[in-house]
Amino acid sequence: MTPVEHVIATARAELGVREDPPESNRVKYNDWYYGRTVMGSAYPWCMAFVQWCFAQAGRPLPYKTASCSALLGWYRQNRPECVVGDPQPGDIILYTFSHTGILESVQGSTVTAIEGNTSAGSSGSQANGGGVFRRTRNKSLVRAYIRPFGEEMEEDMDIDKLLSEMTDEQADRLMAKAQAHAASLPDPEWSIKEGH
């Protein structure tokens, strides 16, 4: 599974999670973000959900915030190349109505995202709806797309590519370290049993 697929799978596994009690903003994503149980109108959690998903997938975002505009501002200032115009699955999608989610797919003029703190349908609050749902919206509602880790999110490091970029001296040092590490490991149980 690629890093992007892992982030999306993490978000999908949360579909249907709701605040408890309803309309309280009390959810595990806020507990994780704040490090304690919080509830009330001061704790909207759409960005906490996005932050949680990336962290659970082993890709914590480089800037931890519960604010949509603060995250966008940080990326524009520190990693402007990550604010993209061509949406792709795994991007963080920021809407014009102070809301966010994780982009799942793009179909023509619409985008589908998994969003925390939204409503299941078009009725109810879209930016403070109380649950994790899959939402399809028109691209005209999108303020920005953030590809948090650029190209490195798209695929894991290719060992052959890494080796081809090394000098002979770097490759020799790496091989020596690998051999020393392998020699320090205990013999596997099957090897001991068979007398090797």
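Residues numbered from 1 in each chain as written. Predicted model: local features only at pLDDT ≥ 70, side-chain atom pairs only at ≥ 80, totals over all residues. Heavy atoms only, no water.

A. Highlighting the pattern of salt bridges. The tally for this structure, following the rule as stated, stands at six salt bridges. With its nearest N and O atoms 3.7 Å apart, the salt bridge here joins Arg 147 to Asp 86. Linking Arg 147 in the loop between β6 (142–146) and α5 (159–165) with Asp 86 in the loop between β1 (83–84) and β2 (92–95), this pair joins segments that are 61 residues apart in sequence. What makes Arg 147 buried here is its relative accessible area of 8%. On the accessibility criterion, Asp 86 (40% relative accessible area) is partly exposed. Bridged by salt links that share partners, the residues Arg 12, Glu 104 and Arg 134 form one connected network. (Salt bridge = Lys/Arg side-chain N within 4 Å of Asp/Glu carboxyl O. Helix = DSSP H or I, 4+ residues; strand = E, 2+ residues; numbered from the N terminus. Buried < 20%, exposed > 50% of the residue type's maximum accessible area, 1.4 Å probe, protein only.)

B. Representation of the side chain of Thr 100. Looking at the secondary structure, you find Thr 100 in strand β3 (residues 100–107). Judged by its relative accessible area of 0%, Thr 100 is buried. Looking at Thr 100, its side chain comes within polar contact range of the main-chain oxygen of Ile 93, at 2.8 Å. Those residues in contact with Thr 100 that sit more than four places away from it in its chain are Cys 46, Met 47, Val 50, Cys 68, Ile 92, Ile 93, Leu 94, Tyr 95 and Glu 115. (Polar contact = N/O pair within 3.5 Å; in protein donor to acceptor, adjacent residues only side chain to side chain. Contact = heavy atoms within 4.5 Å.)

C. Up close: the layout of surface pockets. Taken as a whole, the largest pocket encloses approximately 180 Å³ of empty space. What lines the largest pocket is a set of 14 residues, and nearest its centre among them are Glu 19, Pro 22, Glu 23, Gly 129 and Gly 130. Grouping the amino acids of the lining of the largest pocket by side-chain chemistry returns three nonpolar, eight polar and three charged. (1 Å grid on protein atoms, 1.4 Å probe; cavity = no way out; pocket = protein on both sides within 12 Å on 5 of 7 lines; lining within 4 Å. Points joined across faces, edges and corners; volume = space filled by probe spheres on them. Nonpolar A, V, L, I, M, F, W, Y, C, P; charged D, E, K, R; others polar.)

D. Layout of unusual backbone geometry. Geometrically, the link from Asp 20 to Pro 21 is a cis peptide bond, its omega value of 5° lying close to zero. Mapped onto the elements of the fold, Pro 21 is located in the loop between α1 (3–12) and α2 (28–34). Residue Glu 23 is not a glycine yet carries a positive backbone phi of 60°. On the secondary structure map, Glu 23 appears in the loop between α1 and α2. A positive phi is found at Ser 98, a non-glycine position, where the angle reads about 50°.

E. Representation of helix α3 (residues 46–56) in the model. Counting buried positions over the 11 residues of α3 gives nine, a clear majority of the element. For α3, the full list of buried residues reads Cys 46, Met 47, Ala 48, Phe 49, Val 50, Gln 51, Trp 52, Cys 53 and Phe 54. Following α3 by one or two positions, Gly 58 adopts a phi angle in the positive range, close to 80°.

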